[in-house]
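# Chains, contacts and geometry: an overview
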Amino acid sequence: MVLQTVLQEAEQEYCKRTEKSRKLYEVAQRVMPGGDTRTIAFFKPYPLTMDRGSGPRLYDVDGNKYSDFLNNYTAMIHGHAHPYILRHVKTALGLGTAYAAAIVEQSQLAAILCKRIPGVEQVRFCNSGTEATMFALRAARAFTGRPAIIKMEGGYHGTHDAVEFSIAPGNARDKNHLAWAPIPDTRGVPESVARDVYIAPFNDAGAVEEILQQKGEEIAAILVEPVMGVAGVIPPQPGYLQELRRLADQYGILLIFDEVQTYRLDTGGAQRRFGVTPDLTAIGKIIGGGFPVGAFGGRSDVMALFDPRQSGCLSQSGTFNGNRATMVAGIASMELLNEQAITRLEELGLRLETGMVSAIRRYALPASVTRVGSMLNLHFTEHPPADYTSTISPHKGLSKVVHLELLNRGIFTAPRGMWNLSTVMEEADIDQAIDAFTDVMSKISRFV
Ligand SMILES: Cc1ncc(COP(=O)(O)O)c(C=O)c1O
């Protein structure tokens, strides 16, 4: 009841500031279901309509300014309209955007990725992270001749059928299911797909081993985010990724890292940061410099399956694969993301974490912060969670309040509590966000 009142207050303030967004949302509803075309970006009462982004800021159609601590769910690592990226893209656009032919920038970006990411000997481009994990799984199935996969509870790998299981199953696992039975996250995925999906809790290599002991001969791949992103920026415990590597080798299956978000953690991705090399890697987001992108790569003997000169090769087509704007922006984005930039992001990340944790302590709230590098998540749990189940909180409703209260103070984050940073942020941006966060914690402390 009390929480409901705080939420209503936050919503009223939000509506007062965003009248034009509300009107545009009404128009959008006539032509798009729920006025929306991206489920994860939707929130009630209605999402903002943005006018523009510049550097670390976003401006909505009502003229409100926000510091962007979401960066399109980690993709905009250099903020918005970065002059270096824009310059390259503007020049390239005059040459035409996409033809059914190779362009030199494809092998240039591919060479950068192969040089930087330890597990990537060869790579192919697609247009989203969803496609990247889909093709990585297909490659693993074709290479091993086996149908099934292991994915982690809470793991998000995009929206294709095989991975739409146990992303946010709530407590369903405890009641009706075996630890590793997949729970569909959406209707519309045939039950037959579930037969080839096994679920294990993150940070529990023992559960993976148990599945392999019983079903090892069916399994083509272990698919894992080295740091769980959507589930709440959950880091791997020491030895966990190493143990997955060992199990994959022991059972002759492929280890696939989904680094669509975590590639931002190191110039060589989380695999370099944690010192574990997978067989295949899915990437996306930052490697397109702000344009639609995905890529998957790995061991050259596995990637050879896609060699079109071989009979029976795997087909991987896409009208806009390797298009010029994406390739050029991607190369510029990679050039900007050097070791120095990663170190800077790390420092800013630590500064933000320290400020958030100190606000939580000051008001003795049942909350915690997880962080790896420039990715952070606020949880309403006493202890930082180590897997999906431990993110479940009786105070879940508070996340909604915090999200709206932060928006009302000009701080743009994810409704579920994710924050991440861009290279164009300054210490002052972090400190301003900490002040806003502290103010919000003070407000909600009266209701917890
Ligand atoms: C870890 C991970 N894998 C895959 C995807 C899917 O990427 P896309 O939205 O480009 O399809 C996402 C998107 O957020 C992601 O976070």
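Here's a quick rundown of the structure. Here the structure is a predicted model, which is why all the values come from computation and not from measurement. (Residues numbered from 1 in each chain as written. Predicted model: local features only at pLDDT ≥ 70, side-chain atom pairs only at ≥ 80, totals over all residues. Heavy atoms only, no water.)

Turning our attention to the state of the cysteines. Applying the stated criterion across every chain, the model contains 0 disulfides. Of all cysteine sulfurs in the structure, the one in C126 sits closest to C114, which takes part in no disulfide; the separation is 14 Å. (Disulfide = S-S within 2.5 Å.)

We now examine the pairing of strand β7 (residues 219–224). The buried count for β7 comes to 6 of 6 residues, which makes it a mostly enclosed element. Relative to β7, strand β5 (residues 148–152) is paired through 4 bridges, and the arrangement is parallel. Each residue of the ladder has a partner; that of I150, found in β7, is I222. In the sheet, β7 pairs with strand β8 (residues 254–258) via 4 bridges, with the strands oriented parallel. Opposite V224, over in β8, you have F257 as the bridge partner. Each parallel crossover has a hand, and the one from β7 via helix α9 (residues 240–251) to β8 is right-handed. (Buried < 20%, exposed > 50% of the residue type's maximum accessible area, 1.4 Å probe, protein only. Helix = DSSP H or I, 4+ residues; strand = E, 2+ residues; numbered from the N terminus. Pairing = 2+ DSSP bridges. Right-handed = clockwise from strand over helix to strand, strands pointing away.)

On to the nonpolar core. Counting 74 residues, the largest nonpolar core has F69, L113, I287, L352, L378, W419 and M441 as its most contacted members. The dominant element in this core, judged by the number of residues it contributes, is helix α13 (residues 339–362), at 9 residues. Residue-level mapping places this core at the junction of two domains, with at least three residues from each of domain 1 (2–77 + 339–445) and domain 2 (83–336). Every residue in contact with L352, bar those within four places of it in the chain, is listed here: F69, L376, W419, L421, I430 and I434. In this structure, C126, A136, A139 and I199 belong to the second largest nonpolar core, which totals 28 residues. (Core = buried A, V, L, I, M, F, W, Y, C linked by side-chain atoms within 4.5 Å. Domains from an automatic or database assignment. Contact = heavy atoms within 4.5 Å.)

What follows concerns the environment of I103. Here I103 lies in the loop between α3 (83–93) and α4 (104–116). Overall, I103 belongs to the buried group, its relative accessible area being 10%. Each C-alpha atom, one on I103 and one on Y251, is 40 Å from the other, the two residues being 148 residues apart in sequence. When sequence neighbours within four positions are dropped, the list of residues in contact with I103 reads G322, N323, R324 and M327.

Enumeration over the complete set of coordinates arrives at 10 aromatic pairs. Ring centres 5.9 Å apart and planes at 65° place the aromatic pair Y14 and F43 in the edge-to-face group. With a gap of 29 residues between them, Y14 in helix α1 (residues 2–17) and F43 in the loop between α2 (19–31) and β1 (50–54) connect regions that are remote in the sequence. Considered together, Y14 and F43 belong to a single accessibility category, that of buried residues. In textbook terms, an aromatic cluster arises when at least three aromatic residues are bridged by ring pairs, as seen for Y14, Y25, F42, F43 and Y46. R52 extends its terminal NZ or CZ atom over the ring of Y59, reaching a point 4.0 Å from the ring centre. (Phe/Tyr/Trp six-rings, centres within 6.5 Å; stacked < 30°, edge-to-face > 60°. Lys NZ or Arg CZ within 6 Å of the ring centre and 35° of its normal.)

Turning to the sheet that holds strand β3 (residues 65–68), a few remarks are in order. With mixed pairing, 4 strands are arranged side by side in an open sheet as β1-β2-β3-β13. Every interior strand has two partners, whereas the edge strands, β1 and β13 (411–412), have only one. Here 3 bridges tie strand β2 (residues 57–60) to β3, and the two strands are oriented antiparallel to one another. Residue pairing for β3: Y59 is matched across the bridge by K65.

Looking now at the site of the ligand. What surrounds the ligand is the set S128, G129, T130, Y156, H157, G158, E225, D258, V260, Q261 and K285. Between the ligand and T130 there is a distance of 2.7 Å, counted from an oxygen atom to a side-chain nitrogen or oxygen. A total of 390 Å² of accessible area belongs to the ligand in isolation, and the protein chains cover 85% of it. When grouped by side-chain class, the residues that make up the shell around the ligand number 2 nonpolar, 6 polar and 3 charged. (Near = heavy atom within 4 Å. Polar contact = N/O pair within 3.5 Å; in protein donor to acceptor, adjacent residues only side chain to side chain. Areas by Shrake-Rupley, 256 points an atom, 1.4 Å probe, with all protein chains shown as cover. Nonpolar A, V, L, I, M, F, W, Y, C, P; charged D, E, K, R; others polar.)

A few words now on the side chain of T267. Relative to the helices and strands, T267 is located in the loop between β8 and α10 (269–274). Engagement of the side chain of T267 in a polar contact is seen with the side chain of R272, the distance being 3.1 Å. Ignoring any residue separated from it by four or fewer positions in sequence, one finds T267 in contact with R116, R272, L337, N338, E339 and I342.

This part takes up helix α5 (residues 129–144). Taking 1.5 Å per residue as the helical rise, α5 with its 16 residues ought to reach 22 Å, and the 23 Å between its terminal C-alpha atoms agrees with that figure. Once α5 finishes, G145 follows within two positions and takes phi at roughly 70°, a positive value. (Expected span 1.5 Å × (residues − 1).)

Another point: the pattern of salt bridges. In total, this model carries 26 salt bridges according to the counting rule given. As a salt-bridge pair, E209 and R246 come within 3.8 Å of each other at their nearest N and O atoms. Of this pair, E209 sits in helix α8 (residues 205–215) while R246 sits in helix α9, placing them 37 residues apart in sequence. Residue R246 is classed as partly exposed on the basis of its relative accessible area of 37%. The network of salt bridges with shared partners includes E9, E405, R409, D439 and K443. (Salt bridge = Lys/Arg side-chain N within 4 Å of Asp/Glu carboxyl O.)

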